Amino acid sequence: MAVKNIKNKYLLLFLLFIILIIYILNHTLSAYNYIYNDKNVISKLYENKSYTNTYILYNSEQDGKWLHHMNSVDNVNSFQSKSKLFEVDILIGSNNLICCS
Amino acid sequence: MQNNITLNAYLSLFNNLDDRKFWFDIKNIDTSNYMSLLTVLDDILKNSQNGLLTKSNIILEIGDLNVLKLVYNAVKNDTTRYRLSWYFPYINLDTEENSISIINEYVNSADGYFFDYISSDIKYYNILEKAFPNRKKLFWYTGGCVIERKYKRMLLYLYAEKNKNTEILLYPACI
């Protein structure tokens, strides 16, 4: 009986391991598919090369690198010391601008 | 959005606005209310902690190119003006010929408008790099938690490292 229990334990661990692998693969593939672009589409696109390196360098000096999505008042309290860049959704009201909850 | 507060009230929550940057995604802007946006926003900035928040530190994101043009014409003579971002619209890449035609139309017509950035879901990264190699881009992603989210974040880091045009990336909460 004891031997059988040990075998069941290993079987259970093995099954859990398989489930974990499937979970990781599933999410990785999902992420890859999310950003995958069909090469046939890309090869047939025109190019618009407007704007020069001068423009890019000018803007590089103006901007930071990362920002946070901050549509909650709670997020302001949590993140304002960690980042200087914030993205906020805005609705134009009759006399004011509406943003977060 | 439920239990919303005004932008003014939101900004007042910050201890210090000096040198902070904001990307305002304007959800309901159109040809009838864009001037109202600029008037109210100008007023908010003037009164924000003694004017610490400056226009050049604000990105206005707009999807409609014609509205974007109107906004640009309204702000282009300002000594410090808002930065403008064009929200690249959703395109179904499954319909190949249709999507190529739509994107190429944007490529051909983009020079008729002004925007500092193209804002896009990270899924269009390769397309936008091909179509607009010299434009600055704002990339972001939505959805996904744990592994999927970490994987996407890793891709964002990789893209940011290899491309100087990708200056700002949105790192969203796990939803």
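The text that follows walks through the structure, step by step, so that each part is easy to find. Since we're looking at a predicted model, the values are computed, not measured. Residue numbers restart at each chain and count upward from 1, following the sequence in its written direction. As a convention, the first chain written is A and the first ligand written is 1, with the rest following in written order. pLDDT decides what is reported in this predicted model: residues at 70 or higher carry local features, side-chain atom pairs at 80 or more are listed and counted, and totals for whole chains, interfaces and linings draw on all residues regardless. As a rule here, side-chain values cover all heavy atoms of the structure and leave hydrogens and water aside.

All names here are of chain B. Using a 1.4 Å probe on the protein chains alone, a residue whose accessible area is under 20% of its type maximum counts as buried, one over 50% counts as exposed, and one in between counts as partly exposed. Numbering of helices and strands runs from the N terminus; a helix is a DSSP stretch of H or I covering at least four residues, while a strand is a stretch of E covering at least two. Among the residues making up helix α3 (residues 65-75), those that are buried are L65, V67, L68, V71 and V75. The arc that holds every buried residue of α3, seen down its axis, measures 155°, which confines them to one face. Buried residues in α3 make contact with α2 (34-47), β2 (58-62), β3 (83-87) and α4 (96-109). Definition of a polar contact: a pair of N or O atoms within 3.5 Å, with one able to donate and the other able to accept a hydrogen when the atoms are protein atoms, and with sequence-neighbouring residues admitted only if both atoms are side-chain atoms. Where α3 begins, the side chain of D64 points an oxygen toward the backbone nitrogen of N66, at a separation of 2.8 Å. By construction, the arc corresponds to the directions joining the helix axis to the C-beta atoms. Residue contacts are defined here by distance: any two heavy atoms, one from each residue, within 4.5 Å place the two residues in contact.

What follows concerns the side chain of K55 of chain B. All names here are of chain B. Tracing the chain through its elements places K55 in the loop between α2 and β2. Within polar-contact distance, the side chain of K55 engages the side chain of D78 at 3.1 Å. Residue contacts for K55: discarding those within four places in its chain leaves D42, L45, D78, T80, R81, Y82 and R83.

Moving on: the environment of V71 of chain B. If you trace the backbone, V71 of chain B turns up in helix α3. With 28 residues separating them along the chain, V71 of chain B and D43 of chain B place their C-alpha atoms 16 Å apart.

Looking now at the pattern of salt bridges. By definition, a salt bridge exists where a carboxyl oxygen of Asp or Glu is found within 4 Å of a side-chain nitrogen of Lys or Arg. The final tally for this structure, using the stated rule, is 10 salt bridges over all chains. Residues K27 of chain B and D89 of chain A are paired through a salt bridge, measuring 4.0 Å at the closest nitrogen-oxygen approach. Here the residue K27 of chain B occupies a position in the loop between β1 (21-26) and α2, and D89 of chain A occupies one in strand β2 (residues 85-92), the pair thus bridging two chains. The partly exposed category is assigned to K27 of chain B, whose relative accessible area is 48%. Among the residues examined, D89 of chain A registers a relative accessible area of 13% and is labelled buried. Linking D111 of chain B and R135 of chain B is a salt bridge whose minimum nitrogen-to-oxygen distance equals 3.9 Å.

The next point concerns the side chain of S48 of chain B. Looking at where S48 of chain B falls in the secondary structure, it is placed in the loop between α2 and β2. In this view, S48 of chain B contacts L17 and L53 of chain B; residues no more than four positions away in its chain are not counted.

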